[in-house]
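Listed below, chain by chain, are the residues.
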Amino acid sequence: QVQLEESGGGTVQAGTSLRLSCVVSGGTFERNGMGWFRRPPGKEREFVACISGTGGSTYTSNSVKGRFTISRDNARNTVYLQMNSLKPEDTADYYCAWTVQSYGGISPDQYDYWGQGTQVTVSS
């Protein structure tokens, strides 16, 4: 089955940057939409960003727009989340997700496989 492995999380100071990576194995990648979601402590999972299989279309939530960028390298079976100008409210467990569809979306229900998550902590 499809497996996803996130990496790149850590503890950083506000105003700095991190880049998360998610490597996909065991299934197709180039034709699959991908998404990033996060779960802040004590809160529900929320949408962050998504990208189409070709990388030609992206969408980011209003809370991270202008700060976060989703991208992918299909030759490496990897999707990235570049996080700039991090804020304490960005602290969360971050998850990547894979969909059999050729495009991503804001609903977690449309994704078929999920990574285990990577922790991001932003200190003030």
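Overview of the structure. Here the structure is a predicted model, which means the values were calculated and not measured. The residue count restarts for each chain, going from 1 along the sequence in the order it is written. Thresholds applied to this predicted model are a pLDDT of at least 70 for local features of residues and 80 or more for the giving and counting of side-chain atom pairs; totals over whole chains, interfaces and linings are not thresholded and use all residues. Excluded from the side-chain calculation are hydrogens and water; included are all heavy atoms of the structure.

### Some details on the nonpolar core
In step 1: Of all hydrophobic cores here, the largest spans 26 residues; its most connected members are Met34, Trp36, Leu81, Met83 and Tyr94.
In step 2: Secondary-structure elements contributing two or more residues to this core are strand S3 (18-25), strand S4 (34-39), strand S5 (46-51), strand S7 (68-73), strand S8 (78-83), strand S9 (92-98) and strand S11 (118-123).
In step 3: Contact between two residues is taken to exist if any of their heavy atoms lie within 4.5 Å; hydrogens are not considered. Residues within four places of Tyr94 in sequence aside, it is in contact with Glu6, Leu20, Trp36, Phe37, Arg38, Val48, Phe68, Leu81, Met83, Gly117, Thr118 and Val120.
In step 4: If you look at the next biggest cluster of nonpolar residues, it comprises 5 residues, including Phe37, Phe47, Cys50 and Ala97. Only buried residues count toward a nonpolar core. Its members are Ala, Val, Leu, Ile, Met, Phe, Trp, Tyr and Cys residues joined through side-chain atoms within 4.5 Å. Only protein chains enter the accessibility calculation, which uses a 1.4 Å probe; a residue whose area is less than 20% of its type maximum is buried, one above 50% is exposed, and one in between is partly exposed. For the purposes of this entry, the term helix denotes a DSSP run of H or I that reaches at least four residues, the term strand denotes a run of E that reaches at least two, and both are numbered from the N terminus.

### Let's talk about the pairing of S9
In step 1: Extensive coverage of S9 is indicated by the burial of 7 of its 7 residues.
In step 2: Of the two faces of S9, both are covered, the one formed by Ala92, Tyr94, Cys96 and Trp98 as well as the one formed by Asp93, Tyr95 and Ala97.
In step 3: Criterion used throughout: strands pair if DSSP finds at least two bridges between them. Where S4 and S9 come together, 6 bridges link them in antiparallel fashion. Bridge pairing in S9 links Met34 to Trp98.
In step 4: Taken together, the 3 bridges between S9 and S11 define a ladder with antiparallel strand orientation. Of the residues in S11, the one forming a bridge with Asp93 is Gln119.
In step 5: Pairing analysis gives 2 bridges linking S9 to strand S10 (residues 113-114), with the strands arranged antiparallel. Its bridge partner lying in S10, Trp98 is registered against Tyr113.

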